[in-house]
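# Results of the structural survey
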Amino acid sequence: MNKKDPKQFTEDFMSGIIARNPGEVEFHQAVLEVIETLSEFMIRNPRYNQLKILERMTEPERVIMFRVPWTDDSGNIHINRGYRVEMNSAIGPYKGGLRFHPSVNLSIYKFLAFEQVLKNSLTSLPMGGAKGGSDFDPKNKSDNEVMSFCQSFMTELSRHIGPYTDVPAGDIGVGGREIGYMFGQYKRLRNEFSGVLTGKGIGWGGSLIRPESTGYGTVYFAEEMLNRKSDSIRGKTVTISGSGNVAQFAVEEVLDLGGKPVSLSDSNGTIYDKDGIDGEKLEYVKFLKNVCRGRIYEYAEKYGVEYYENKRPWSIPCDVALPCATQNEINSEEADILIKNGCIAVAEGANMPSTYEAEHKFLDAKILFAPGKAANAGGVAVSGLEMTQNSMRLSWTREEVDKKLKTIMRDIHHMCVAQGKEKDGYINYVKGANIAGFVKVANAMIAQGLV
Ligand code: NDP
Ligand code: 2IT
């Protein structure tokens, strides 16, 4: 390996990753982005390489895969597959969400767990990184079927987690309802009431602001980036994708800061509300999605706005774009359109929503671009605060938690600026987040010996 050439360093490292993890394209993508931005730093600091820190960080400490049998309301038996990728515990117990979606596979969980390690490090809270879930599809299932699945899933997962070992939370397809069913089953199996999951209900160990935290945090981060340029969200037209937890609270915070959110989406299509999604319409979205579990086209029918079937929001002109649905939901052509339409900032509420090519388009155009591991870290940060409150057997007020969330997002922004400043003054937030997240984990790994 030519240790002097960052490009060669990246190529050599990636050929090892690809050979060792064949076909895991999302995992390759997440690792490539990190290695590419770290390569110069690695060459300048050869000790990390001598101790094979990157090789260790890209190999999960443990992968658990298991059978999840359950019965539907008609008595039919179903078999799903459960996963937990415990990636890194150098700076704290494993921490990260559970995703229930039919599209998942090991590659997706490994990319999410890998990103989670660096994200959790950026929060400055003591949390390692993990991700898990199942190919179970909660759509069109009764509450009873979801409960039956969650109980079976937790029956196996409970052997591998614990408040000092691994603390899961929600992600796509896992919200308050699912966390409740899983918490109940864990408590029953272990006969203990502990902080084993975050995102719990407010009356039974949850933290105020946890549901809001990812969406709010993403907008706080976008506001920090704009403020640094003497600009702000106020008056800006904002496109948002998704219509779940992260998207809903991103809309709420954009409204709070005086911006105009104009789109939402789901896996069937996009609504474009030229007049803006106001507080009242947002309440309808929350009811539609969280209570009725309906589709976003119903918004278009109710308010008579445009609906683009099977389309994403990125052709809608905007100043700021907040992708809040899923991975690889902005491709290279869509990035071109956003830039051409005058978009000045992209903050990723979702994990890796921009493809590799799209991300490079944003960086090359030198627009403000916040990668998910920095922009959406508010969710896991408030999970960390929920763990603290559980340990102290106290609950902080909404204002206290929100203040801490704002401070954490501001600090992450500072770290990215400090590590990501390029010669021409442009802030490469991808590089900044990767270096800042990496150093703390790497130093902890070195201190703890070859484990
Ligand atoms: P939800 O399940 O609440 O909402 C997901 C939204 O994204 C839905 O509107 C869903 O539409 C849409 N979506 C999901 N998969 C796809 C797909 N393959 N194609 C198109 N649309 C899709 O999840 P969250 O809001 O919690 O998560 C959204 C993103 O934010 C994810 O990337 C997640 O990893 C990330 N994230 C979440 C955090 C949290 O605290 N919840 C923290 C940090 C990041 P449909 O209903 O049609 O499936
Ligand atoms: O991607 C994420 O950071 C999450 N889904 C939240 C994880 C958590 O433990 O709160």
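These lines cover the structure that appears in this document, whether it is placed above or below. Everything numeric in this text was worked out from a predicted model, so none of it was measured.

## Comments concerning the environment of Ala370
- Mapping Ala370 onto the fold places it in strand β13 (residues 368-370).
- What makes Ala370 buried here is its relative accessible area of 0%.
- In sequence terms Ala370 and Ala381 are 11 residues apart; their C-alpha atoms lie 17 Å from each other.
- If near-sequence neighbours (up to four positions away) are discounted, Ala370 is found in contact with Phe221, Met225, Val346, Ala347, Glu348, Ala375 and Tyr429.

## As for the side chain of Arg295
- Turning to its location among the elements, Arg295 is positioned in the loop between α10 (279-291) and α11 (297-303).
- Taking relative accessible area as the criterion, Arg295 reaches 18% and is therefore assigned buried.
- Apart from the residues lying within four places of it in its own chain, the contact partners of Arg295 are Lys139, Asp266, Ser267, Asn268, Leu288 and Lys289.

## So, the nonpolar core
- Of all hydrophobic cores here, the largest spans 57 residues; its most connected members are Phe221, Ile240, Leu264, Leu322 and Ile412.
- Once residues within four sequence positions are removed from consideration, Ile240 is found in contact with Ala247, Ala250, Val251, Val254, Pro261, Ser263, Leu264, Ser265, Pro313, Leu322 and Cys324.
- Among the nonpolar cores identified, the runner-up in size contains 37 residues, and Phe27, Val34, Leu38 and Met352 belong to it.

## Section: the site of ligand 2
- Taken together, 14 residues lie around ligand 2, and Lys95, Lys119, Lys131, Asp171 and Ser383 are the ones closest in.
- With respect to ligand 2, the backbone of Gly170 contributes an N or O atom lying 3.1 Å from a nitrogen atom.
- Here the residues of the shell around ligand 2 are counted per class, giving two nonpolar, seven polar and five charged.

## Digging into the pattern of salt bridges
- For the structure shown, the criterion picks out 26 salt bridges.
- Put simply, Asp143 and Arg177 hold a salt bridge, and the shortest N to O gap is 2.7 Å. In this pair, Asp143 sits in helix α6 (residues 143-157) while Arg177 sits in helix α7 (residues 176-190), placing the two residues 34 residues apart along the sequence.
- You can call Arg177 buried: its relative accessible area is 15%.
- In this structure, the salt-bridge partner of Glu306 is Lys274, at a minimum N-O distance of 2.6 Å. Placement of the pair is Glu306 in strand β10 (residues 306-309) and Lys274 in the loop between β9 (269-272) and α10, with a sequence separation of 32 residues.
- Under the relative-accessibility criterion, Glu306 is labelled partly exposed at 32%.
- Judged by its relative accessible area of 47%, Lys274 is partly exposed.

## A short note on the packing of aromatic side chains
- Taken as a whole and assessed by the stated rule, the structure comprises 24 aromatic pairs.
- Between the aromatic rings of Phe100 and Phe153, the centroid separation amounts to 5.3 Å while the plane-to-plane angle is 80 degrees, which identifies the pairing as edge-to-face. In this pair, Phe100 sits in strand β3 (residues 94-100) while Phe153 sits in helix α6, placing the two residues 53 residues apart along the sequence. Here Phe100 and Phe153 have matching classes, each one buried.
- Look at Tyr272 and Tyr308: their rings are 6.4 Å apart centre to centre, the planes differ by 40 degrees, and that puts the pair in the tilted class. Placement of the pair is Tyr272 in strand β9 and Tyr308 in strand β10, with a sequence separation of 36 residues.

## Focus: the sheet that holds strand β4 (residues 129-134)
- Pairing is mixed across the open sheet formed by five strands, whose spatial order is β1-β2-β4-β3-β5. The sheet terminates laterally at β1 (62-71) and β5 (166-169), the two strands that pair on one side only. Across the sheet, the mean angle separating the axes of adjacent strands is 20 degrees when strand polarity is ignored.
- Pairing of strand β2 (residues 77-88) with β4, which is carried by six bridges, proceeds in the antiparallel orientation. Its bridge partner lying in β4, Asn88 is registered against Gly129.

## What about the sheet that holds β9?
- Across the sheet, which stays open at both edges, the three strands sit in the order β8-β9-β10 with antiparallel pairing between neighbours. The sheet is open, and its two borders are formed by β8 (263-266) and β10, each paired with just one other strand. Averaged over neighbouring strand pairs, the angle between their axes works out to 15 degrees when direction is ignored.
- One ladder, built from four bridges, connects β8 with β9; its direction is antiparallel. If you follow Ser265 over to β9, its bridge partner there is Thr270.

## Regarding the packing of α6 against α7
- At their nearest, the axes of α6 and α7 sit 8 Å apart, and the two run at 45 degrees to each other. Between α6 and α7, the interaxial angle falls into the category oblique. With respect to the hand of their crossing, α6 and α7 are arranged in right-handed fashion. Of the residues in α7, those in contact with Asp143, Val146, Met147, Cys150, Gln151, Phe153, Met154 and Thr155 of α6 are Arg177, Glu178, Tyr181, Met182, Gln185, Tyr186, Arg188 and Leu189.

What counts and how
Residues numbered from 1 in each chain as written. Chains lettered and ligands numbered in written order. Predicted model: local features only at pLDDT ≥ 70, side-chain atom pairs only at ≥ 80, totals over all residues. Heavy atoms only, no water. Helix = DSSP H or I, 4+ residues; strand = E, 2+ residues; numbered from the N terminus. Buried < 20%, exposed > 50% of the residue type's maximum accessible area, 1.4 Å probe, protein only. Contact = heavy atoms within 4.5 Å. Core = buried A, V, L, I, M, F, W, Y, C linked by side-chain atoms within 4.5 Å. Near = heavy atom within 4 Å. Polar contact = N/O pair within 3.5 Å; in protein donor to acceptor, adjacent residues only side chain to side chain. Nonpolar A, V, L, I, M, F, W, Y, C, P; charged D, E, K, R; others polar. Salt bridge = Lys/Arg side-chain N within 4 Å of Asp/Glu carboxyl O. Phe/Tyr/Trp six-rings, centres within 6.5 Å; stacked < 30°, edge-to-face > 60°. Pairing = 2+ DSSP bridges. Axes fitted to C-alpha atoms, helices over the stretch in contact; angles between N-to-C directions. Parallel < 35°, antiparallel > 145°, perpendicular 65-115°, else oblique. Left-handed = near helix turned anticlockwise from the far one by under 90°.

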